[in-house]
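Residue-level structural notes
Okay, here's what each chain looks like letter by letter:
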Amino acid sequence: MQNTRMTKQRATILDELRKVTSHPTADEIYGMVRCKMPHISLGTVYRNLELLTENKEVQKLEYAGFQKRFDGNTRPHAHVRCERCGRVADVYGHLPEPQMPEGMEAPGFTILTVRMEFLGLCAQCGQ
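Predicted model, so just to flag it, every value in this text is computed and none were measured. (Residues numbered from 1 in each chain as written. Predicted model: local features only at pLDDT ≥ 70, side-chain atom pairs only at ≥ 80, totals over all residues. Heavy atoms only, no water.)

1. Side note on the overall build of the chain
For clarity, the cut-off: Only runs of H or I of at least four residues qualify as helices and only runs of E of at least two qualify as strands under DSSP, and these elements are numbered from the N terminus. Three labels apply to residues, based on accessible area from a 1.4 Å probe with only protein chains included: buried if under 20% of the type maximum, exposed if over 50%, partly exposed otherwise in between. Contact criterion: two residues are considered in contact whenever any of their non-hydrogen atoms come within 4.5 Å of each other.
Along its length, the chain carries three helices and five strands. If you list the helices and strands of the chain from N to C, you get α-α-α-β-β-β-β-β. Dimensions along the principal axes, computed over C-alpha positions, put the chain at roughly 50 × 45 × 25 Å. The burial tally for the chain puts 31% of its 127 residues in the buried class. Expressed as a percentage of contacts within the chain between residues at least 6 apart in sequence, the contacts between residues at least 24 apart total 47%.

Right, dumping it as structure tokens:
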């Protein structure tokens, strides 16, 4: 984990991300931040999101076939993803800590984490 100082750009990105629960993409965050910092570049937003992720100040949500999304809520919680449009939302309630089932092996790998993912249809896609 890098020990990086909190620049004005990074602080603005973090502040804007923490204001929403929509789990925006980097492009969406760029649009949000440009309202406050019109001269910020998309590359700067991408680089700072990666640094914020490395420093565990935001979560990066990566799903195969979908754009990366970001979450300003770093407390442990689960997400649900719409299988049609890729929309992501928080799952509320007490969930057991996901863990590798007993007897499972991954030869050649050291398991670092287990992620629980819920799939479904959002209200718009389910109609």
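What follows picks up the thread again.
2. Concerning the pattern of salt bridges
This is how it is decided: Here, a salt bridge means any Lys or Arg side-chain nitrogen found within 4 Å of an Asp or Glu carboxyl oxygen.
One pass over the full model with this rule turns up six salt bridges. The salt bridge involving K60 is made with E50; its shortest N-O contact spans 2.9 Å. Taken as a pair, K60 in strand β1 (residues 59-61) and E50 in helix α3 (residues 42-54) lie far apart in primary sequence, 10 residues in all. According to the relative accessible area criterion, K60 is partly exposed, its value standing at 23%. Linking R81 and E117 is a salt bridge whose minimum nitrogen-to-oxygen distance equals 3.0 Å.

3. Structural notes on the sheet that holds strand β5 (residues 117-120)
Here is the rule: Two strands make a pair as long as DSSP finds a minimum of two bridges between them. Note on geometry: axes are C-alpha line fits, over the in-contact stretch for helices, and angles between N-to-C directions span 0 to 180 degrees.
Strand order across the open sheet formed by three strands is β4-β3-β5, with mixed pairing between neighbours. Among the strands making up the open sheet, the edge pair consists of β4 (88-91) and β5. On average, each strand axis in the sheet is inclined to that of its neighbour by 30°, with strand direction left out of account. Alignment of strand β3 (residues 78-82) against β5, held across four bridges, turns out to be parallel. Its bridge partner being in β5, C82 is matched across the sheet by G120.

4. Structural notes on the packing of helix α1 (residues 8-18) against α3
For the record, the criterion: Oblique is the label for any angle not under 35 degrees, not over 145, and not in the 65 to 115 range, which are roughly parallel, roughly antiparallel and roughly perpendicular in turn. The classification used treats Ala, Val, Leu, Ile, Met, Phe, Trp, Tyr, Cys and Pro as nonpolar, Asp, Glu, Lys and Arg as charged, and all other residues, Gly among them, as polar.
Axis separation between α1 and α3 bottoms out at 10 Å; the angle between their running directions is 75°. The angle between α1 and α3 places the two elements in the roughly perpendicular class. Across the interface between the two elements, Q9, R10, I13, L14 and L17 from α1 touch T44, V45, N48, L49, L51 and L52 from α3. Taken together, the residues that form the contact of α1 with α3 break down as seven nonpolar, three polar and one charged.

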